[in-house]
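The chain contents come next:
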Amino acid sequence: MTNTVIAADIGGTNLRAALVAVDGTLSQRRQVPTPKSATPDGIVQEIVGLLRAVVEAADETALGVCLAVPGLINGDAGTVVIAPNVPGFRNLNLTTPVSGALGIPCFIENDASAAALGEFRFGAGRGARNLVHATLGTGIGGGIVIEGRLYRGSKGLAGEIGHVVIDPTGPVCNCGSRGCLEAMVSGVAFAARAKRLISLERSPILKEMMGDRDPSSTDLFAAAQAGCQHAMAEIQNGGHLLGLALGGVSNVLNPDAITLSGGLLAMGEMLLEPMRKAMFSIAYGPASGTIVRLSTLGDDAGLLGAAAVCFERLGEESSSEVLKFW
Ligand SMILES: [Zn+2]
């Protein structure tokens, strides 16, 4: 009896896959660039090829495979409804062709939800019973684990922390609303704030650093570190708003832990200190006991998240077999 699954992390930049043991040990890693102009069939073939390479290199037969996808997923139907960063991913069934090609059960999951279960099982969320995970990168994602199981919501949309409105007069978000957390505090939002500082001539440091280039969130942080008070204020205010959103989530769900991952964490205490302060300033009673922890999974978070979902789904299927005897 094997105790391994195949995990795949479908990203806008790379497709990654590996064999993952039940204790989170990864082996047989494979990675290819995400095809930029693929047809739906083309990208499915690319994914199948990548997964086959892992299967063929493995010494044992994996129990199942799970694909973590950055988009809106219908897990029961096995389809990606839409994944804006992956060409060809619109109303695309993935589980049928992958399962057919590999001969093992295939599942798909939203990448941030998978990351939440990955942190819960293998990372910073170990030991928690209830957990909220937020991914702080180019955009803002999130996932929720309740009583040890991934919570997907009625339509699979649970955990979209990025679309909590924190300023109804704020900038328009990708989702069409105004002032969502993602529109206010994300890699893209910080880059827009940096650009604004330059155009308003409030940051000579940033202007000199950038020349003709457009600034990124990393540039905003570099300017703050170089002494630009306006850049620092933008990041601190972002941390404050993030804390209000996470504090609200904490008041609703009362998790043991909130775990955080993503590129914005490179801003360190400049972002995190005002975030914690705001979060705890609005904490309602026992919610103030929520612990904030940073992800420990690094680049493997996507693969370990997919693996955690695969183990959970396989467990559900086997327990439903057991239920048939009752
Ligand atoms: Zn939004």
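**A word on the overall build of the chain**
Then comes step 1: The helix and strand inventory of the chain stands at 10 helices and 13 strands.
Then comes step 2: Rg of the C-alpha trace for the chain: 21 Å, near the compact-globule value of 20 Å for 326 residues, within the 12% margin.
Then comes step 3: By principal-axis analysis of the C-alpha atoms, the chain measures approximately 65 × 50 × 35 Å.
Then comes step 4: A total of 326 residues make up the chain; the buried ones form 50% of that total.
Then comes step 5: Long-range contacts, defined as pairs at least 24 residues apart, comprise 61% of the intrachain contacts of the chain with a sequence gap of at least 6.
Then comes step 6: For the chain, the distance from the average position of its 24 positive side-chain charges to the average position of its 30 negative side-chain charges is 4 Å.

**Section: the confidence of the model for the chain**
Then comes step 1: Chain-level pLDDT for the chain is 93 on average; 97% of the residues reach the 70-or-more range.
Then comes step 2: Mean pLDDT values over the elements of the chain span from 82, in helix α10 (residues 301-324), up to 98, in helix α7 (residues 217-225).
Then comes step 3: Of the regions scoring below 50 in pLDDT, residues 322-326 engages in 0 contacts with residues more than four places distant in sequence or in other chains.

**What to know about the coordination of the zinc ion**
Then comes step 1: For the zinc ion, the protein coordination sphere consists of His 163 (ND1), Cys 173 (SG), Cys 175 (SG) and Cys 180 (SG), at 2.0 to 2.3 Å.
Then comes step 2: Relative to the metal, the 4 donor atoms surrounding the zinc ion lie at angles of 104 to 121°, and the coordination shape comes out tetrahedral.
Then comes step 3: Mapping the donors of the zinc ion onto the primary sequence yields the spacing H-x9-C-x1-C-x4-C.
Then comes step 4: Look at Cys 175 and you get partly exposed, because its relative accessible area is 44%.

**Observations concerning the sheet that holds strand β12 (residues 257-261)**
Then comes step 1: Ordered in space as β11-β10-β9-β12-β13, the 5 strands form an open sheet in which the pairing is mixed. Since the sheet does not close on itself, it has two edges, and those belong to β11 (149-151) and β13 (291-294), each with one partner. Within the sheet, the average angular offset between the axes of one strand and its neighbour, ignoring direction, is 25°.
Then comes step 2: Of the strand pairs in this sheet, β12 and β13 are connected by 4 bridges, and their pairing is parallel. Pairing of Ile 258 across the sheet is with Val 292, part of β13.

**As for the sheet that holds strand β5 (residues 72-74)**
Sheet strands pair by backbone hydrogen bonding; their relative direction is either parallel or antiparallel.
Then comes step 1: Within the open sheet, the 3 strands sit side by side as β5-β6-β7. Their pairing is antiparallel. The outermost strands of the open sheet, each flanked by one partner alone, are β5 and β7 (90-93). Adjacent strand axes in the sheet meet at a mean angle of 20°, parallel and antiparallel pairs treated alike.
Then comes step 2: Summarising the sheet, β5 and strand β6 (residues 79-82) pair through 3 bridges and their orientation is antiparallel. In the sheet register, Asn 74 faces β6, and the bridge partner there is Thr 79.

**Considering the environment of Ser 295**
Then comes step 1: Looking at the secondary structure, you find Ser 295 in the loop between β13 and α10.
Then comes step 2: Through-space distance from the C-alpha of Ser 295 to that of Gly 125 is 8.2 Å; in sequence the pair is 170 residues apart.
Then comes step 3: The residues touching Ser 295, leaving out its near neighbours within four places in the chain, are Glu 119, Ala 124, Leu 260 and Ser 261.
Then comes step 4: Among the polar contacts made by the side chain of Ser 295, one reaches the main-chain amide nitrogen of Leu 297 at a distance of 3.1 Å.

**Looking at the pairing of strand β2 (residues 14-21)**
Then comes step 1: Most of β2 sits inside the fold, with 7 of its 8 residues counted as buried.
Then comes step 2: By the bridge criterion, 7 bridges tie strand β1 (residues 4-10) to β2 in an arrangement that is antiparallel. Opposite Thr 4, over in β2, you have Ala 21 as the bridge partner.
Then comes step 3: The antiparallel hairpin formed by β1 and β2 contains 3 residues in its connecting segment.
Then comes step 4: Where β2 and strand β3 (residues 26-33) come together, 6 bridges link them in antiparallel fashion. Residue pairing in the sheet places Leu 15 in a bridge with Val 32 of β3.
Then comes step 5: Where β2 folds back onto β3 in an antiparallel hairpin, the turn is made up of 4 residues, including Gly 24, whose phi is positive at roughly 90°.

**Details of the pattern of salt bridges**
Then comes step 1: Under the criterion given, the structure shown has 11 salt bridges.
Then comes step 2: Across the pair Arg 152 and Glu 109 runs a salt bridge, and its minimum N-O distance is 2.7 Å. Taken together, the residues span a long stretch of sequence, with Arg 152 in the loop between β11 and α4 (181-184) and Glu 109 in strand β8 (residues 106-110) at a distance of 43 residues.
Then comes step 3: On the basis of relative accessibility, which here comes to 5%, the residue Glu 109 falls in the buried class.

Reading the values: rules and limits
Residues numbered from 1 in each chain as written. Predicted model: local features only at pLDDT ≥ 70, side-chain atom pairs only at ≥ 80, totals over all residues. Heavy atoms only, no water. Helix = DSSP H or I, 4+ residues; strand = E, 2+ residues; numbered from the N terminus. Rg over C-alpha atoms; globule rule 2.2 N^0.38 Å. Buried < 20%, exposed > 50% of the residue type's maximum accessible area, 1.4 Å probe, protein only. Contact = heavy atoms within 4.5 Å. Lys, Arg positive; Asp, Glu negative; His and termini not counted. Charge placed at Lys NZ, Arg CZ, Asp CG, Glu CD. pLDDT = per-residue confidence, 0-100. Donors = N, O, S within 2.8 Å, 3.2 Å for Na, K, Ca; no water. Tetrahedral: all angles 85-135°; square planar, octahedral: opposite > 155°, others 65-115°. Pairing = 2+ DSSP bridges. Axes fitted to C-alpha atoms, helices over the stretch in contact; angles between N-to-C directions. Polar contact = N/O pair within 3.5 Å; in protein donor to acceptor, adjacent residues only side chain to side chain. Salt bridge = Lys/Arg side-chain N within 4 Å of Asp/Glu carboxyl O.

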